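# Geometric and topological summary
One-letter residues, chain by chain:
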Amino acid sequence: MRFHFSPKTPLLSLSSSSITSLCLRPFLPSAPKSHFYPSLACHVSTGGNLRMDSTSPDPSSSSSVSVDSVADGLKNQSLREHDISNNNNNMNNENKKNNGKLSLEDLNWDHSFVRELPGDPRNDSIPRQVFHACYTKVLPSAEVENPKLVAWSDSVADLLDLDPKEFGRPDFPLKFSGASPLAGAVPYAQCYGGHQFGTWAGQLGDGRAITLGEIMNSKLERWELQLKGAGKTPYSRFADGLAVLRSSIREFLCSEAMHFLGIPTTRALCLVTTGKFVTRDLFYDGNPKDEPGAVVCRVSQSFLRFGSYQIHASRGGEDLGIVRSLADYAIRHHFPHIENMSKSESLSFSTGDNDQSVVDLTSNKYAAWTVEIAERTASLVARWQGVGFTHGVLNTDNMSILGLTIDYGPFGFLDAFDPSYTPNVTDLPGRRYCFANQPDIGLWNIAQFASTLMTANLISDQEANYAMERYGTKFMDDYQAILSQKLGLQKYNKQLVNKLLSNLAVDKVDYTNFFRALSNIKADPSIPGDELLVPLKAVLLDMGKERKEAWTSWVQSYIQELVASGVSDEERKASMNSVNPKYVLRNYLCQSAIDAAEMGDLEEVRRLLKVMERPYDEQPGMEKYARLPPAWAYRPGVCMLSCSS
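As the structure is a prediction and not an experimental result, all values here were calculated from the model. (Residues numbered from 1 in each chain as written. Predicted model: local features only at pLDDT ≥ 70, side-chain atom pairs only at ≥ 80, totals over all residues. Heavy atoms only, no water.)

## Digging into helix 19 (residues 603–612)
Of all the residues in helix 19, the buried ones are Glu-604, Val-605, Leu-608, Leu-609, Val-611 and Met-612. One face of helix 19 carries all of its buried residues, which in axial projection span an arc of 160 degrees. The inward-facing, buried residues of helix 19 contact strand 6 (148–152), helix 7 (245–260) and helix 18 (587–598). (Buried < 20%, exposed > 50% of the residue type's maximum accessible area, 1.4 Å probe, protein only. Helix = DSSP H or I, 4+ residues; strand = E, 2+ residues; numbered from the N terminus. Arc of directions from axis to C-beta. Contact = heavy atoms within 4.5 Å.)

## Quick word on the side chain of Thr-273
Locating Thr-273 in the fold gives a position in strand 12 (residues 267–280). Looking at Thr-273, the relative accessible area reads 15%, which means it is buried. Not counting the four nearest positions on each side in its chain, Thr-273 is found in contact with Pro-147, Lys-148, Val-150, Leu-245, Gly-293 and Ala-294.

## Concerning the packing of helix 12 (residues 438–455) against helix 13 (residues 461–487)
Two elements in contact, helix 12 and helix 13, have axes separated by 10 Å at closest approach and are oriented at 160 degrees. By the angle between their axes, helix 12 is roughly antiparallel relative to helix 13. For the pair helix 12 and helix 13, the crossing hand works out as right-handed. Between helix 12, through Gln-438, Pro-439, Gly-442, Leu-443, Ile-446, Ala-447, Ala-450 and Met-454, and helix 13, the contact on the second element is made entirely by Asp-461, Ala-464, Met-468, Tyr-471 and Phe-475. Its residues placed into classes, the contact of helix 12 with helix 13 shows 10 nonpolar, two polar and one charged. (Axes fitted to C-alpha atoms, helices over the stretch in contact; angles between N-to-C directions. Parallel < 35°, antiparallel > 145°, perpendicular 65-115°, else oblique. Left-handed = near helix turned anticlockwise from the far one by under 90°. Nonpolar A, V, L, I, M, F, W, Y, C, P; charged D, E, K, R; others polar.)

## Digging into the pattern of salt bridges
Scanning all chains against the criterion turns up 37 salt bridges. Here Glu-251 makes a salt bridge to Arg-298, at a shortest N to O gap of 2.9 Å. Pair noted here: Glu-251 is in helix 7 and Arg-298 is in strand 13 (residues 289–300), with a separation of 47 residues, a long-range link. Relative accessible area serves as the criterion here: at 2%, Glu-251 is assigned to the buried category. Among the residues examined, Arg-298 registers a relative accessible area of 2% and is labelled buried. Of the charged contacts in the structure, one is a salt bridge between Arg-298 and Asp-407, with a shortest N-O distance of 2.8 Å. Of this pair, Arg-298 sits in strand 13 while Asp-407 sits in the loop between strand 16 (389–390) and strand 17 (412–413), placing them 109 residues apart in sequence. Overall, the relative accessible area of 12% leaves Asp-407 in the buried class. (Salt bridge = Lys/Arg side-chain N within 4 Å of Asp/Glu carboxyl O.)

## Some words on unusual backbone geometry
Non-glycine residue Asp-161 carries a positive phi angle of around 65 degrees. Here Asp-161 shows up in the loop between helix 5 (154–159) and helix 6 (172–175). At Leu-220, a position not held by glycine, the phi torsion is positive, near 65 degrees. Residue placement: Leu-220 occurs in the loop between strand 10 (209–216) and strand 11 (222–228). For Leu-220, a relative accessible area of 24% gives the class partly exposed.

## Quick look at the nonpolar core
Residues Trp-369, Ile-401 and Phe-514 are the most contacted members of the largest nonpolar core, which totals 135 residues. Sort the elements by how many residues they give to this core and helix 11 (residues 365–387) lands first, with 13 residues. Each of domain 1 (112–309) and domain 2 (489–566) accounts for three or more of the residues forming this core. Apart from residues lying up to four places away in sequence, Phe-514 is in contact with Leu-500, Leu-504, Val-509, Leu-536, Val-539, Leu-540, Trp-551 and Trp-554. Core analysis: the next-biggest nonpolar cluster, separate from the first, contains 34 residues, Val-130, Leu-149, Ala-189 and Ala-230 among them. (Core = buried A, V, L, I, M, F, W, Y, C linked by side-chain atoms within 4.5 Å. Domains from an automatic or database assignment.)

## Re the pairing of strand 13
Burial analysis of strand 13 places nine of its 12 residues in the buried class, which makes it a mostly covered element. Alignment of strand 11 against strand 13, held across five bridges, turns out to be antiparallel. Bridge pairing in strand 13 links Leu-225 to Val-299. Summarising the sheet, strand 12 and strand 13 pair through 10 bridges and their orientation is antiparallel. For Thr-273, the partnering residue across the bridge sits in strand 13 and is Ala-294. (Pairing = 2+ DSSP bridges.)

## Quick notes on the packing of helix 18 against helix 19
Interaxial distance between helix 18 and helix 19 falls to 8 Å at its minimum, and their mutual angle equals 150 degrees. Considering their axes alone, helix 18 and helix 19 lie roughly antiparallel with respect to each other. Contacts from Leu-589, Cys-590, Ser-592, Ala-593, Ala-596 and Ala-597 in helix 18 reach Glu-604, Val-605, Leu-608 and Met-612 in helix 19. Counted by class, the contact of helix 18 with helix 19 contains eight nonpolar, one polar and one charged residues.

## Let's talk about helix 17 (residues 569–577)
Residues of helix 17 that are buried include every one of Arg-572, Met-576 and Asn-577, and no others. When helix 17 is viewed along its axis, its buried side chains cluster within an angular range of 125 degrees and face the same direction. Projecting away from the buried face of helix 17 at angles above 90 degrees are the exposed residues Glu-570 and Glu-571. Check the buried side of helix 17 and you find it contacts helix 13, helix 15 (511–518) and helix 16 (545–565).

## Section: the state of the cysteines
All chains considered together, the criterion is met by zero disulfides. Cys-134 forms no disulfide, and the closest cysteine sulfur to it belongs to Cys-191, at a distance of 7.6 Å. The class of Cys-134 is buried, set by a relative accessible area of 1%. Free of any disulfide, Cys-590 has its nearest neighbouring cysteine sulfur in Cys-254, separated by 6.8 Å. (Disulfide = S-S within 2.5 Å.)

Pasting the structure below:
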């Protein structure tokens, strides 16, 4: 296959600012401009250095050609099965119990990460710089006293072929607090670096997360188990390597809530309390207090992130070889369709006005890999925007190479629609990571990752810029498709969407409840004007005459689009309700569960999990979980949080 581009300006012709300008900025007349808002064109220059220019090319100069996902194109080629070791190819059926479900002792462990990549020759937890290594073997060391199981996920247990009856074992909390070893585990902490708030921070690493190893399930899927809050590692710096119940509940619940919303994410198997207290300064104001300690068992196909590659590229010399080894490892185990793509069908893309500028993804697997990571990241951010999710800390060490939502700290779902909303108090001065900026930040982070691979001589500047171009195209394609689905429309209507988002911002309308209520609009142009807003009365509150007229005008235009689509009201309502959740994990819901748990009542955490496992269903009797936030929800420590955990 061959696609031709004819941009009038060199790649990257789609600037970071133009992504926001296409989907958010036109309707934000009052949104504050952060240090990241001025027009910035991302270019990767030869030599692997990122350049952020102060001027942006005309977005109209970008290619208007619609290109199918490069990732999908690669996946459609001839693929072969994962290359895994023989002992994992032939799973021991005798160990299977209860229709294929396993006990903890019978889990099928593999340790490809420590087997195939260079490790730290030391295995102590003394904070230090770790050179020429991807990990350090280290044992969990959190102090534990009578640990208790707070919550668990049956669906994650199913991923691991784990018998859910194992959650009832008396020793289960001991094993998943790190106090008692899991048979077959080989614990380690990963070494990585990252850009934090736009500034290179050097070595970071797993400062309180300890990976136990990888489980191979009966589908030959690879799942890593990781204990967060299990104690010090060489990457803990000045911290204690522990976690508190407050942040652990938030991470456990949101990992699962995002999955059931259909958004790629790391998962959570279980949450246990340690029985010990941990001192934390929640607001960084010099008033620390003791909080219950806890450990979350996180689960993911990989915890590799952009910073896993950045740290080694930043050190240069022999560590550049580690970047290549890490790339080979990721492609071999997590992108096998790229490792084994057929050379028979060209995946080349013209990037200029003539055929002399061509990116051929079949000739460089690292370029194909970079493009897929860019597209996965773009798709992820588009889905965040669709449900009103704000991550809060989009540093490059919090960006998964698999396109997963990873590292839940001060996250937040939009209540009142505010594009400048950030849930992170540390982010308040510039709002770098606010809701509206997330598409831009995704591109900026991809640029850092591409620069890393250029430094290791894995991709060229042309290939790097093409990956960023694909990020922009993929984001806009997915974002427009998501907004169209949320509105129940067959095709994207830019003018209608922009006016809607402007109205939502002006009136601070609840984002989740509005789209859920919108499915009640009837495609009937004969409805009297004074009745048009009746289906939305629960979400359009306290408006004067002028604002009611603005909304009435929009609903009239919306009805015209619905009539033109020809879809019945019943069919459209069902379709819209399947993509517009009734329940999202609002911060005040988390806080209610935290308050109860800290008083010893764990049922609210479990009940909230069950509600979030069915976000698109009506769930009679659970309507209170869809209510607007109460007044107390806007106090510090609820609607906005710090990274203290």
